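A structural walkthrough
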Amino acid sequence: MLSHLLKDTSVIVSTGNVLNVSELRKKAGQKPTDELTDCLRSTFGEADVTELPPNRRLITRRNNDLLEKVKEHPRADIKIGAKIFLNRFSEPALTEAVEKLFETLNVSYLDNLILAYHPTGASVVGNGNGGTPEPGEEEEEQEVKEGVIEWAVGSDNAVGNLKKLWSLLERYAGDGKIGQLGIADLDADSLKELYDASTVHPSIAQINLAACCVVPPQLQAYCNQNEIQLLTHSDPQELLPREVLDELDLASYGAGWTSRYQVHIKCRGVLAAKGFIVSLDRAN
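Procedures and definitions
Residues numbered from 1 in each chain as written. Predicted model: local features only at pLDDT ≥ 70, side-chain atom pairs only at ≥ 80, totals over all residues. Heavy atoms only, no water. Pairing = 2+ DSSP bridges. Helix = DSSP H or I, 4+ residues; strand = E, 2+ residues; numbered from the N terminus. Axes fitted to C-alpha atoms, helices over the stretch in contact; angles between N-to-C directions. Contact = heavy atoms within 4.5 Å. Salt bridge = Lys/Arg side-chain N within 4 Å of Asp/Glu carboxyl O. Expected span 1.5 Å × (residues − 1). Buried < 20%, exposed > 50% of the residue type's maximum accessible area, 1.4 Å probe, protein only. Polar contact = N/O pair within 3.5 Å; in protein donor to acceptor, adjacent residues only side chain to side chain.

1. Some thoughts on the sheet that holds strand β5 (residues 110–117)
Here we have 10 strands laid out as an open sheet, ordered β2-β3-β1-β10-β9-β4-β5-β6-β7-β8, and mixed in their pairing. Strand pairing shows two members of the sheet lacking a second neighbour, β2 (47–52) and β8 (229–233), which therefore form its edges. In this sheet, neighbouring strand axes are inclined to one another by 20° on average, regardless of whether the strands run parallel or antiparallel. In this sheet, strand β9 (residues 253–265) lies alongside strand β4 (residues 78–86) in antiparallel orientation, the contact comprising 8 bridges. When the bridges of β9 are listed, Lys 83 appears paired with Arg 260. Along the sheet face, helix α5 (residues 91–105) touches β1 (10–14), β2, β3 (56–61), β4, β5, β9 and β10 (270–282) and points at about 40° away from the line of β9.

Now the structure itself:
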């Protein structure tokens, strides 16, 4: 179905403002992965293709009003926030994700950016294949623990790699291109280690209550002590898992990174635009 769009190249898919797509507006309240899946399907259905040298393609949606929505109000009157989902350590991938946000939104700075770095992917037992067990393996029931966050379990040097990614984001903040930096799903010890090593400290910490039932008291106390805004979210560790790519006829691709952005009108608190940008890497 997508062969004429992809042509065996790696691609970046930009959904544009999904709030102006009637078929997507009717599905408010979806789970994040279901929402992204429908947004990708809709974008593929009315795609414009631009060649990106040396061997890449940009797929965007026709009749997209994102830039008009961003420019409807002075920049000082809107708040642009974004979240980047990264399931493997790659400084070039994070740099590309940030730069594509600036380019897509045609702005010079973001009010806030949250990094969701999950090097072990989704809730996977042992194999790291985005939720698909190897032959002969069975997926175990994962116990939800009261007040416990398990981040990057089984991943070597996860905090060390996170520090490198964070240092990259700090440079953007130091240049005035990002206002607030945030991090998702860290346990208290990992957050403290990142905080102590950083020059631009995280001012937002997100946790998924579905993963730990209640806010861990140690994490809550640390955020209070260091003036870190503690927020909840419902995003999975892997936003675009293997089974979803297969469902989209993208079996030979993997998700390099995904970003989600939102544009709010400050004085009214109204969501003016929302969209996704996804990097799909062709398997070798």
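Following the structure, the description resumes.
2. Quick notes on the pattern of salt bridges
It is possible for side chains bearing opposite charge to pair when their charged atoms get close. Under the defined criterion, the tally for this structure stands at 17 salt bridges. Notably, a salt bridge pairs Glu 247 with Arg 41, separated by 2.6 Å at the nearest N-O pair. Residue Glu 247 is found in helix α10 (residues 242–247), and its partner Arg 41 is found in helix α3 (residues 32–45); the two are separated by 206 residues along the sequence. With a closest N to O distance of 3.4 Å, Lys 100 and Glu 103 form a salt bridge. Linking Lys 100 with Glu 103, this pair stays in helix α5, spanning 3 residues, or about one helical turn. Each member of the salt-bridge network shares a partner with another, and the members are Arg 56, Arg 88, Glu 96 and Asp 281.

3. Let's talk about helix α6 (residues 158–174)
In a regular helix each residue adds 1.5 Å, so 17 residues correspond to 24 Å; α6 covers 24 Å between its end C-alpha atoms and thus fits that length. For α6, the set of buried residues is Ala 158, Val 159, Gly 160, Asn 161, Leu 162, Leu 165, Trp 166, Leu 168, Leu 169, Glu 170, Tyr 172 and Ala 173. Residues of α6 that are buried sit in contact with β4, α5, β5, β6 (178–184) and α7 (188–197).

4. Quick notes on the side chain of Asn 208
With respect to the helices and strands, Asn 208 occurs in strand β7 (residues 204–208). A polar side-chain atom of Asn 208 sits 2.8 Å from the main-chain carbonyl oxygen of Asp 235. Setting aside anything within four residues of it in sequence, one finds Asn 208 in contact with Asp 185, His 233, Ser 234 and Asp 235.

Remember that the coordinates give geometry; whether it matters functionally is a separate question.
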